[in-house]
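Each chain is listed here by its residues.
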Amino acid sequence: MGRVSGKVAFITGAARGQGRSHAVRLAQEGADIIAVDICGQIDTVPFPMASPEDLEQTVKDVEALDRRILAVQADVRDYDAVSAAVADGVAQLGRLDIVAANAGISELGTPTADMDERSWQNTIDVNLTGVWHTCKAAVPHLRAAGGGSIVITSSGAGLKGMANLAAYVSAKHGVVGLMRTLANELAPDGIRVNSVHPGVVNTPMVQNDAIYRLFRPDLESPTRDDAMGVFTSLHALDIPWLEAVDISNAVLFLASDEARYITGVTLPVDGGFFVK
Amino acid sequence: MGKLEGKVAFITGAARGQGRSHAIRLAQEGADIIAVDICKQIDSVAYPMSTPEDLAETVKEVEALDRRIVAAEADVRDRDALQAAFEGGVAELGGVDVVLANAGIAPMGVNVRPNEWDDVLAVNLTGVYNTVEVAKQSLIERGGGAIVITSSTAGINGIGGSQPGGLGYTASKHGVVGLMRSYANVLAEHSIRVNTVHPTGVNTPMVVNDVMQEFLQNDPSLSNAMANALPVPMLEAVDISNAILWLVSDDARYVTGVTLPVDAGFTNKK
């Protein structure tokens, strides 16, 4: 008997990285999955975003676990598309119990006063408004199920400031306010709402030249090895990064009945980034 | 295969309530247990504290799960006694991987008793310090481990009333957060993780007793302050045990320095 057997989980940004890992981990514990991802590029994002083939791989990984999955290409900035994807998923899979609002992007690292308007707006649109869209679309279905668990992926940068990453940091702080508000609003319905705050995670959003440059502005063309020391210095534990499954294990815990009375919580899963 | 197969856990306040629940929950996942409890009354505490029979019941329940347990009566205020109890357990079960600093008192009541402040600080704060100090070398020698300190919603919020025991309770439960954060930083190099849990009211003898209920009902601002966001008046001990189990397991292998409310939305609602 899995820890989320018989439940259905809606996951945004599910084509790869943490989102795919959440889909696989929740499916391992018995959940069926509604997966959405933009599967396309946003031009202010300084690294390659997910592709349709990535989302197809998530489908394969979940189906290999004998769980059902409905995957839809949808942009979390487009409320109607998100809402239709959830409704379609609930129609096919029967219910909705778990939401992992995971889709997120980052902008090019830039001093705040020099950041261009579109970089700011795109990051806020995806990382903050997109999370609101995700919750807005999901809540009626959670109510219909008699309760549920929403987990919003914030960041270590949702609890601390970080230089040259103003839009990302602001949006990730913003979703904490959304989480706290929803936790209060939805508690009478038995819907729990929490945020997770990862440290550096070993995914394509982190492992790319733009992020290496953000953390090693002193070098012309820094490599992963050049960035490792800085990554390690961010954590109290002696690790350069966490793996996606570490975040998935936290999401799974919060989604499961083991956490049936945990709501309104900011949960760092960060190797000691916040405490350091 | 349990999540804690082959591990040893040191648990204070293990005779009953949350501590016993932790011992059982961790044993269900394969851990052996070193259990300590004072098993006697402290004069400033108006509700009945644990007894030797309570601790014997914890032993019985862990043994019924086919796990080993070494239980000793020791007061967390007494470093030497605690050290001896710890070493007695290690001698039988081997080095410790998990430490649960759970022992605590709540010397609140309608009538103030002498020494409330001193006693609650000594048990709830100095006792936690003693617990970690006694155990930490063993964790270092094991190459890592996990420590969970039981704080409270009163470790995040200014609740508990205006009397010495309630003020001390709130101060002590805030104090262990500072201890946790410092230990998380200084023990990280040894791969030892340190976190706190912050329960709201839990259905245990510390809360469900005539003295505490009279105290809470006597002051509506206190009983209102105890209202959770989720429609549940009180949690069960196993809810805290499940959070602790997650924190000490490899599922949380990189979680450290965290204050984790298990409080039905109490803190967020305030």
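Residues numbered from 1 in each chain as written. Chains lettered and ligands numbered in written order. Predicted model: local features only at pLDDT ≥ 70, side-chain atom pairs only at ≥ 80, totals over all residues. Heavy atoms only, no water.

K.L.:
Help me understand the overall build of chain B, please; the structure alone is not making it clear to me.
P.N.:
When you go through chain B residue by residue, the secondary structure sums to 9 helices and 7 strands. Whereas a compact globule of 270 residues would reach a radius of gyration of roughly 18 Å, chain B reaches 17 Å, a difference of no more than 12%. Residue burial in chain B is summarised as follows: out of 270 residues, 60% are buried. Taking all contacts inside chain B whose residues are at least 6 apart in sequence as the whole, residues at least 24 apart take part in 78%. If you sum the accessible surface of chain B, you get close to 9,900 Å²; carbon and sulfur atoms cover 49% of it. (Helix = DSSP H or I, 4+ residues; strand = E, 2+ residues; numbered from the N terminus. Rg over C-alpha atoms; globule rule 2.2 N^0.38 Å. Buried < 20%, exposed > 50% of the residue type's maximum accessible area, 1.4 Å probe, protein only. Contact = heavy atoms within 4.5 Å. Areas by Shrake-Rupley, 256 points an atom, 1.4 Å probe, with all protein chains shown as cover.)

K.L.:
I tried to follow the pairing of strand E2 (residues 32-37) of chain B on my own but got confused; where do I start?
P.N.:
Residue and element names in this part refer to chain B. For E2, a buried count of 6 out of 6 residues is recorded, marking the element as mostly surrounded by other parts of the structure. Because side chains alternate across E2, one face comprises the buried residues Asp32, Ile34 and Val36, and the other comprises Ile33, Ala35 and Asp37, equally buried. For strand E1 (residues 8-12) and E2, the ladder comprises 5 bridges, and the chain directions are parallel. Opposite Ile11, over in E2, you have Ala35 as the bridge partner. Handedness of the crossover joining E1 and E2 through helix H1 (residues 17-28) is recorded here as right-handed. Of the strand pairs in this sheet, E2 and strand E3 (residues 69-73) are connected by 5 bridges, and their pairing is parallel. Counted as the bridge partner of Ile34 is Val70 from E3. Following the chain from E2 across helix H2 (residues 52-63) to the adjacent parallel E3, one finds a crossover that is right-handed. (Pairing = 2+ DSSP bridges. Right-handed = clockwise from strand over helix to strand, strands pointing away.)

K.L.:
What should I look at first to understand the confidence of the model for chain B in this one?
P.N.:
Reading fine detail from the predicted coordinates is not recommended where pLDDT is low. Of all residues in chain B, 99% attain a pLDDT of 70 or more, and the chain-wide mean is 96. Of the two predicted TM-score estimates for the complex, the pTM is 0.96 and the ipTM is 0.94. (pLDDT = per-residue confidence, 0-100.)

K.L.:
I keep staring at helix H1 (residues 17-28) of chain A and nothing clicks. Help me out?
P.N.:
What sets the pattern is the α-helix's 3.6 residues per turn: residues three or four places apart point alike. All names here are of chain A. Over its 12 residues, H1 extends 17 Å from the first C-alpha to the last, a length consistent with the 16 Å expected when each residue adds 1.5 Å. Among the 12 residues that make up H1, 9 are buried, leaving the element largely enclosed by the rest of the structure. Those residues of H1 lying buried are Gln18, Gly19, Ser21, His22, Ala23, Val24, Arg25, Leu26 and Ala27. Of the residues one or two after H1, Gly30 is the one with positive phi, at around 105 degrees. (Expected span 1.5 Å × (residues − 1).)

K.L.:
Help me out: how do you make sense of the sheet that holds strand E1 (residues 8-12) of chain A in this one?
P.N.:
Pairing between sheet strands relies on hydrogen bonds along the backbone, with the strands arranged either parallel or antiparallel. All names here are of chain A. In space, the 7 strands of this open sheet follow the order E3-E2-E1-E4-E5-E6-E7, with parallel pairing throughout. A strand with exactly one partner marks an edge of an open sheet, and here the two such strands are strand E3 (69-73) and strand E7 (266-269). Across the sheet, the mean angle from the axis of one strand to that of its neighbour is 15 degrees, orientation sign disregarded. Across 6 bridges, strand E5 (residues 148-153) lies against strand E6 (residues 191-198) in parallel orientation. Opposite Ile152, over in E6, you have Ser195 as the bridge partner. Against the sheet, helix H8 (residues 244-255) makes contact with strand E4 (98-101), E5, E6 and E7, and its axis sits at roughly 165 degrees relative to E6, the strand it touches most. (Axes fitted to C-alpha atoms, helices over the stretch in contact; angles between N-to-C directions.)

K.L.:
Which parts of the structure should I look at to understand the interface of chain B and chain A?
P.N.:
How big an interface is tends to be reported as the loss of accessible area on association of its parts. In this complex, chain B contributes 33 residues to the contact, which on the side of chain A involves 33 residues. Buried surface at the junction of chain B and chain A, both sides included, amounts to about 2,800 Å², of which 63% is carbon and sulfur. Taken as a group, Trp246(B), Tyr254(B) and Asn268(B) account for 25% of the area that chain B buries against chain A, more than any other trio of residues on that side. Counting the contacts that link chain B with chain A gives 3 salt bridges. The residue Asp239(B) makes a salt bridge to Arg260(A) at a minimum N-O spacing of 2.6 Å. On the surface where chain B and chain A come into contact, there are 8 residue pairs in polar contact (both at pLDDT 80 or more). Taken together, the elements giving at least two residues each to the side of chain B that touches chain A come down to helix H5 (164-187), helix H8 (237-248), strand E7 (259-262) and helix H9 (266-269) of chain B. Ranked by the residues each element gives to the side of chain B that touches chain A, the list is headed by H8(B), at 5 residues. (Buried area = accessible area lost by both parts, 1.4 Å probe. Salt bridge = Lys/Arg side-chain N within 4 Å of Asp/Glu carboxyl O. Polar contact = N/O pair within 3.5 Å; in protein donor to acceptor, adjacent residues only side chain to side chain.)

K.L.:
Explain the layout of surface pockets to me, please; I cannot follow it from the model alone.
P.N.:
Empty space left among the atoms is revealed by rolling a probe the size of a water molecule over them. The calculated volume of the largest pocket comes to roughly 390 Å³. The wall of the largest pocket is formed by 22 residues, among which Arg180(A), Thr266(A), Ile156(B), Thr259(B) and Pro261(B) lie closest to the centre. By residue number, the principal contributor to the lining of the largest pocket is H9(B), which donates 3 residues. Here the lining of the largest pocket is built from residues that sort into 9 nonpolar, 10 polar and 3 charged. (1 Å grid on protein atoms, 1.4 Å probe; cavity = no way out; pocket = protein on both sides within 12 Å on 5 of 7 lines; lining within 4 Å. Points joined across faces, edges and corners; volume = space filled by probe spheres on them. Nonpolar A, V, L, I, M, F, W, Y, C, P; charged D, E, K, R; others polar.)

K.L.:
Sorry if this is basic, but what is going on with the packing of H1(A) against H8(A) here?
P.N.:
In a pair of packed helices, the angle between the axes and the distance between the axes together describe the arrangement. Residues and elements named next belong to chain A. Between H1 and H8, whose axes approach to 8 Å, the crossing angle comes to 50 degrees. When the axis of H1 is compared with that of H8, the two are oblique. Once H1 is placed against H8, the crossing between them reads as right-handed. In this structure, H1 uses Gly17, Gln18, Ser21, His22, Arg25 and Leu26 to contact H8, whose residues at the interface are Ala244, Val245, Ile247, Ser248, Asn249, Val251, Leu252 and Ala255. Tallied by class, the residues present in the contact of H1 with H8 amount to 7 nonpolar, 6 polar and 1 charged. (Parallel < 35°, antiparallel > 145°, perpendicular 65-115°, else oblique. Left-handed = near helix turned anticlockwise from the far one by under 90°.)

K.L.:
Would you mind showing me how to read helix H3 (residues 79-93) of chain B here?
P.N.:
Residues and elements named next belong to chain B. Counted at 1.5 Å a residue, the expected span for H3 with its 15 residues is 21 Å, and the 21 Å between its end C-alpha atoms agrees. Looking at H3, one finds that the buried residues are Leu82, Ala85, Phe86, Gly89 and Leu93. Looking straight down H3, one finds its buried side chains confined to an arc of 95 degrees; they lie on one side. For H3, the exposed residues lying more than 90 degrees away from the buried face are Asp80 and Ala91. Each element contacted by the buried residues of H3 is listed here: E1, E2, E3 and helix H4 (116-142). Gly94 occupies a position one or two residues after H3 and carries a positive phi of about 95 degrees. (Arc of directions from axis to C-beta.)

K.L.:
Can you help me understand the pattern of salt bridges in this one?
P.N.:
Once the charged atoms of two side chains with opposite charge are near each other, the side chains can pair. Residue and element names in this part refer to chain B. This model, assessed by the stated rule, comprises 22 salt bridges over all chains. We note a salt bridge from Arg77 to Asp75, for which the minimum N-O separation is 2.7 Å. On the basis of relative accessible area, Arg77 is assigned to the partly exposed category, the value being 31%. For Asp75, a relative accessible area of 18% puts it in the buried group. Notably, a salt bridge pairs Lys136 with Glu133, separated by 3.2 Å at the nearest N-O pair.

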